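Residues per chain are reported as follows:
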Amino acid sequence: MPPAFPERAAWGTAPSLRAWQQQALELYFQGPGGRSPGEHSRPGQENGPRDFLAVATPGAGKTTFALRLARELLERRIVAGITVVCPTEHLKRQWAEAAARVGIKIDPEFQNSQGRTASDFHGVAVTYATVAARPMLHRNRTEARKTLVILDEVHHAGDGLSWGDAIREAFEPAARRLGLSGTPFRTDINAIPFVEYEEGHDGIRRSRADFTYGYGPALADGVVRPVIFLAYAGEMRWRTRAGDEITATLGEPLTQDQTSQAWRAALDPKGDWIRQVISAADKRLTEVRRGVPDAGGMVIATDHETARAYAKMIRGVSGQGATIVLSDDPNASKKIKQFGESEDRWLVAVRMVSEGVDIPRLSVGVYATSTSTPLFFAQAIGRFVRSRRRGETASVFLPSVPTLMGHASEMETERDHVLDRPRREDGLDDDLLAEANRQRDNPDVGEELEFETVEASATFDRVLYDGGEFGSHAASGSAEEEEFLGIPGLLEPEQVTQLLRQRQAGQMAAQRKRRAESGAEPERTASEDLQALRKELNGLVGAWNHRTGQPHGVIHNELRRTCGGPPAAQASGDDLRKRIAKIRDWAAKRA
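The model shown is predicted, which means the values in this text are computed figures rather than measured ones. (Residues numbered from 1 in each chain as written. Predicted model: local features only at pLDDT ≥ 70, side-chain atom pairs only at ≥ 80, totals over all residues. Heavy atoms only, no water.)

1. Section: the overall build of the protein
Alright, step 1. Looking only at helices and strands, one finds 19 helices and 20 strands in the protein.
Alright, step 2. Scored against the burial criterion, the 591 residues of the protein give a buried share of 54%.
Alright, step 3. Of the contacts made within the protein by residues no fewer than 6 positions apart, 73% connect residues no fewer than 24 positions apart. (Helix = DSSP H or I, 4+ residues; strand = E, 2+ residues; numbered from the N terminus. Buried < 20%, exposed > 50% of the residue type's maximum accessible area, 1.4 Å probe, protein only. Contact = heavy atoms within 4.5 Å.)

2. Looking at helix α18 (residues 552-563)
Alright, step 1. Between its terminal C-alpha atoms α18 stretches 16 Å, which fits the 16 Å expected from 12 residues at 1.5 Å a residue.
Alright, step 2. Looking at α18, one finds that the buried residues are His552, Gly553, Ile555, His556, Leu559, Arg560 and Cys563. One side of α18 holds all its buried residues, which, seen down the axis, span an arc of 165°.
Alright, step 3. After α18 finishes, the residue Gly564 shows a positive phi value of roughly 80°. (Expected span 1.5 Å × (residues − 1). Arc of directions from axis to C-beta.)

3. Things to note about the nonpolar core
Alright, step 1. In terms of nonpolar packing, the biggest core is built from 122 residues, with Phe65, Tyr232, Trp273, Tyr310 and Phe397 touching the most fellow members.
Alright, step 2. Apart from the residues lying within four places of it in its own chain, the contact partners of Phe397 are Leu230, Tyr232, Val277, Ala280, Ala281, Arg284, Val364, Gly365, Val366, Tyr367 and Leu485.
Alright, step 3. Counting residues in hydrophobic clusters, the runner-up holds 20 residues, among them Ile167, Ala170, Ala174 and Ala209. (Core = buried A, V, L, I, M, F, W, Y, C linked by side-chain atoms within 4.5 Å.)

4. Some remarks on unusual backbone geometry
Alright, step 1. Here the phi dihedral of Arg77 falls at roughly 60°; this positive angle occurs in a residue that is not glycine.
Alright, step 2. Judged by its relative accessible area of 66%, Arg77 falls in the exposed class.

5. Regarding the pattern of salt bridges
For side chains bearing opposite charge, pairing can occur when the charged atoms are close.
Alright, step 1. Per the stated rule, a full pass over the model turns up 28 salt bridges.
Alright, step 2. Of the charged contacts, one joins Arg237 and Glu245 as a salt bridge, the two residues approaching to 2.7 Å between their closest N and O atoms.
Alright, step 3. The class for Glu245 is partly exposed, based on a relative accessible area of 41%.
Alright, step 4. What emerges from the salt-bridge pattern is a single network uniting Arg237, Arg239, Glu245, Glu452 and Glu455. (Salt bridge = Lys/Arg side-chain N within 4 Å of Asp/Glu carboxyl O.)

6. Description of helix α1 (residues 19-30)
Alright, step 1. If you check α1, its first and last C-alpha atoms are 16 Å apart, about what 12 residues at 1.5 Å a residue would give, namely 16 Å.
Alright, step 2. For α1, the tally of buried residues reaches 10 of 12 residues, placing the bulk of the element in the interior.
Alright, step 3. Taken together, the buried positions of α1 are Ala19, Trp20, Gln21, Gln22, Gln23, Ala24, Leu25, Leu27, Tyr28 and Phe29.

7. A few points about the confidence of the model for the protein
Alright, step 1. Per-residue confidence for the protein gives a mean pLDDT of 81, with 83% of residues at or over 70.
Alright, step 2. Long-range and interchain partners of residues 1-15, a stretch whose pLDDT sits below 50, account for 33 contacts in this model, where long-range means more than four residues apart.
Alright, step 3. When the criterion is pLDDT under 50, residues 421-448 qualifies, and its contacts beyond four places in sequence or with other chains add up to 43 contacts. (pLDDT = per-residue confidence, 0-100.)

8. A few points about the environment of Thr63
Alright, step 1. Take Thr63: it is sitting in helix α2 (residues 62-75).
Alright, step 2. In this structure the C-alpha to C-alpha distance between Thr63 and Ala99, which are 36 residues apart in sequence, comes to 8.8 Å.

9. Description of the pairing of strand β7 (residues 196-199)
Alright, step 1. Note: β7 against strand β8 (residues 205-208), four bridges, orientation antiparallel. Paired with Glu196 across the strands is Arg208, a residue of β8.
Alright, step 2. Joining the antiparallel neighbours β7 and β8 is a turn of five residues, in which Gly203 adopts a positive phi near 80°. (Pairing = 2+ DSSP bridges.)

10. A word on the packing of aromatic side chains
Alright, step 1. This structure, assessed with the given rule, holds 12 aromatic pairs.
Alright, step 2. An angle of 80° between the planes, with centres 5.7 Å apart, marks the rings of Tyr232 and Phe460 as edge-to-face. Of the two residues, Tyr232 is situated in strand β10 (residues 227-240) and Phe460 in strand β18 (residues 459-465); the sequence distance between them amounts to 228 residues.
Alright, step 3. Counting every residue linked through ring pairs, the aromatic cluster contains Trp20, Phe65, Phe211 and Tyr213.
Alright, step 4. Over the face of the ring belonging to Phe29 we find Arg76, whose NZ or CZ atom lies 3.9 Å from the ring centre.
Alright, step 5. The ring of Phe110 is capped by Arg141, whose NZ or CZ atom sits 5.1 Å from the centre of that ring. (Phe/Tyr/Trp six-rings, centres within 6.5 Å; stacked < 30°, edge-to-face > 60°. Lys NZ or Arg CZ within 6 Å of the ring centre and 35° of its normal.)

11. Section: the environment of Asp272
Alright, step 1. Structurally, the position occupied by Asp272 is in the loop between α8 (256-267) and α9 (273-291).
Alright, step 2. Owing to a relative accessible area of 42%, Asp272 belongs among the partly exposed residues under this scheme.
Alright, step 3. Separated by 36 residues in sequence, Asp272 and Met236 have C-alpha atoms that sit 9.8 Å apart.

12. Thoughts on the sheet that holds strand β1 (residues 51-56)
Alright, step 1. Strand order in the open sheet made by the seven strands is β3-β4-β2-β5-β6-β1-β9, with parallel pairing throughout. Edge strands, defined here as strands with exactly one partner in the open sheet, are β3 (106-107) and β9 (211-213).
Alright, step 2. Examined bridge by bridge, strand β5 (residues 147-151) and strand β6 (residues 176-181) share four bridges and lie parallel to one another. If you follow Ile150 over to β6, its bridge partner there is Leu178.
Alright, step 3. Strands β1, β6 and β9 of the sheet are contacted by α1, whose axis makes an angle of about 175° with β9. (Axes fitted to C-alpha atoms, helices over the stretch in contact; angles between N-to-C directions.)

13. A look at the packing of α2 against helix α3 (residues 89-100)
Alright, step 1. Across the interface, α2 lies against α3 with an axial gap of 10 Å and an inter-helix angle of 55°. As summarised for this structure, α2 and α3 are arranged oblique, according to the angle between their axes. Remark: the crossing between α2 and α3 carries right-handed chirality. Here α2 contributes Thr63, Ala66 and Leu67 to the contact with α3, which in turn contributes Trp95, Ala98 and Ala99.
Alright, step 2. Partitioned by chemical class, the residues of the contact of α2 with α3 number five nonpolar, one polar and no charged. (Parallel < 35°, antiparallel > 145°, perpendicular 65-115°, else oblique. Left-handed = near helix turned anticlockwise from the far one by under 90°. Nonpolar A, V, L, I, M, F, W, Y, C, P; charged D, E, K, R; others polar.)

14. Side note on the packing of α3 against helix α11 (residues 332-341)
Alright, step 1. At their nearest, the axes of α3 and α11 sit 9 Å apart, and the two run at 50° to each other. The angle between the axes of α3 and α11 places the two elements in the oblique class. In the packing of α3 onto α11, the handedness of the crossing is right-handed. Between α3 and α11, the contacting residues are Glu89, His90, Arg93 and Glu97 on the first element and Ser333, Ile336 and Lys337 on the second.
Alright, step 2. The residue makeup of the contact of α3 with α11, split by class, is one nonpolar, two polar and four charged.

15. Some thoughts on the environment of Gly391
Alright, step 1. You can see Gly391 is positioned in the loop between α12 (374-381) and β16 (394-399).
Alright, step 2. The class for Gly391 is buried, based on a relative accessible area of 13%.
Alright, step 3. Taking the C-alpha atoms as reference points, Gly391 and Glu492, separated by 101 residues in sequence, lie 4.8 Å from one another.
Alright, step 4. The contacts of Gly391, once residues within four sequence positions are left out, are Gly489, Leu490, Leu491 and Glu492.

Structure below.
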């Protein structure tokens, strides 16, 4: 099959490009219009459109595609210079290094005070903040010669109205503009510059990509790794400012306030929850390294103080120190590069390694941050999915929080940036969203804690994989937990599913045997009822997926549309029963 058909060339790539990259390149020069493979394109300019938005799942290789296109435009003399705009200082250097490998010289050290770069370079790499500080300077640079502007993670151009205005002012004269994004959606309704929006039948405007390559197709092509999510619940106890002690179980139905506080207690280094989860993740990393010797792990922390505390825990658990990357560290980029080239086990980072940073050997993650927006979650998980060879899997440990469970179960769902919508969506609390979007590397000065963690312990909850749920509650350090931590690190996706089913069957059989021996009645709690309903629903969704070929996320979304209610991880028992009845009805009608 020709490489322009990624859905039919599972692992094959062109000599220097992956299948999707080749197709996107061909589409660019044929004319804009293709939202996804297989769709007809609109007639366009022979040498490509002025604006082009390519959306590809994190880890798919957007940088390689962009640099190949830049090389082509330079050789055709369509452009004479290049400006790369990206979110962070580290990414500037990463872009320059990647460009150098294909013969393009990019200056990553350009500052506004310079005014211009040396003639030795084809162009510069700058941050969105640098452009926003002096947009007219960059407009003058853009007007001085025909320029290709590459807007990496272009959704950042809408981080604020002032930033969006600055990006428009600076690059409106550009000969060509290429927008790149792994997650084009935002939690606000600020329009992203140079992105086309189309009004749907519901009157709501949504962003329109010229080419889209989602996680589902990338997973089928072997371009990215499948992700195994290991969720941990546990008992939390904290003391309020009034001196009252509150106890709650993470993973059981709670109010939003209780969930938020229990989540914070779980991540608090003073409790045992995070220590137990890090210990489990280290065991998982050891197992993965049996098949992938250089595999690394990363803990994503909320702030500097907890990052250092987590690194201390890692030393105690593994006997080895962890690399700590903090946003205000001038050596942060150097540390990331050194870690990427080493065989060290653990990296602990605050936010800045959540987007765009390329460390292909990262295979195990601990999501130890209270940031819960869909964009941040997708970008964070994207750090672990870059595939180097067939059979590699990614393992991410996270708290059993409904919001995160919903994000994990919808990994295959494609999203577009939506304008004209209410600010509250998907049941997320506005205050939590505002908190998640704040750049907070250190606790606020003078901030008074709402509570003090008294006790926090972890229990293994379940595994989420390919839209299904496996396993049930087990004590930390138990044989049941070890069964799931010991899954080999090199397996085909179908083998992972088969092994998880076997592990679950064995766990359930052992539980029935213990109940029979003790003579106890098999009574189920409300939490166990919900878990059983979720498993039943996900099993039916998996069966429907095999029957129809529809992605799990699409099936779940259609069930939500027809039956109402929140995502499955947040749905009530009645919601789940309605969806189970609906999908059974679909199956009966199809039969």
